[in-house]
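Residues per chain, in single letters:
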Amino acid sequence: MKLTNTEKQFSILFFVIVLFEIITGSTESLQIAHYIAKPAIVISLVFLFTKTSEGISKSIKRITLLALVFSVLGDILLMFVDQSPHFFTVGLVAFLLAHIMYIVMFLRHRNKQKSILSFVILLLVYASGLFYLLKDGLGEMLVPVIIYMIVILSMATTAFMRKGIVNSSSYNLVFIGAIFFMISDSILALNKFYQPIPFSNISIMLTYALAQYLIVIGILKLKKH
């Protein structure tokens, strides 16, 4: 992966923001700073993408920015889950829309000749194991979580389908980012509906930040040099 100078400088700033969020999110006395740090992660990616996406088609730009805006909205809503469980549901919808935007974008570059059967079987085995652990704790969230799982599995599948159509840098970054997104959401679901996971706030945030970072940098690699 070859980063431009701007991307290198941004990467340092980005991971400083992520570290700041992890510290503030884990420290009760820094709660106000946490409310700024968490949305700042994806907002910084919006700035990077807006400033450096010349050479990418307008439709790809629009869809990417929509995915990032819905992600920021989801981040903000999930910070207020303690005040009302409805924030979790609405936050879930925001991330659902973000994933749908990514799906729409990834489908623009799908390789129609590529067989996805083995990859889909692998994902279904993973999802079945995860659902087996979650099912007893879901209650009224059963249907929303099933819908969400289908959408994120579709997002990972459509990222996989780009192979052979886009350049290898864009493919690898976006695909690894999609897998990190799936891991982040899995940890979040297990922590909420199965049993508390030690240091879950750190693992969820790290995998989530990496997911968004890799997907955005991967999309920027579509630029014609």
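This structure is a prediction, so every number in the text was calculated from the model and none was measured.

(A) Region of interest: the overall build of the protein chain. If you tally the helices and strands in the protein chain, you get eight helices and zero strands. Listing the helices and strands of the protein chain from first to last along the sequence gives α-α-α-α-α-α-α-α. The C-alpha radius of gyration computed for the protein chain amounts to 17 Å, which stays within 12% of the reference 17 Å derived for 225 residues, consistent with globular compactness. Dimensions of the protein chain, computed from C-alpha atoms along their principal axes, come out at roughly 45 × 40 × 25 Å. Counting over 225 residues, the protein chain shows a buried share of 48%.

(B) View of the environment of Lys-192. Of note, Lys-192 is situated in helix 7 (residues 168–193). Classification of Lys-192 as partly exposed rests on a relative accessible area of 41%. Between the C-alpha atoms of Lys-192 and Leu-134, which are 58 residues apart in sequence, the distance is 9.0 Å. Lys-192 has contacts with Val-81 and Phe-88, leaving out every residue within four places of it along the chain.

(C) Seen up close, the pattern of salt bridges. Evaluation of the coordinates by the stated rule reveals two salt bridges. The shortest N-O distance in the salt bridge between Glu-7 and Lys-221 comes to 2.8 Å. Of this pair, Glu-7 sits in helix 1 (residues 5–26) while Lys-221 sits in the segment after helix 8 (200–220), placing them 214 residues apart in sequence. A salt bridge links Asp-136 to Lys-135; the nearest nitrogen and oxygen atoms lie 3.9 Å apart. Accessibility expressed as a relative area gives 71% for Asp-136, which makes it exposed.

Thresholds, definitions, all that
Residues numbered from 1 in each chain as written. Predicted model: local features only at pLDDT ≥ 70, side-chain atom pairs only at ≥ 80, totals over all residues. Heavy atoms only, no water. Helix = DSSP H or I, 4+ residues; strand = E, 2+ residues; numbered from the N terminus. Rg over C-alpha atoms; globule rule 2.2 N^0.38 Å. Buried < 20%, exposed > 50% of the residue type's maximum accessible area, 1.4 Å probe, protein only. Contact = heavy atoms within 4.5 Å. Salt bridge = Lys/Arg side-chain N within 4 Å of Asp/Glu carboxyl O.

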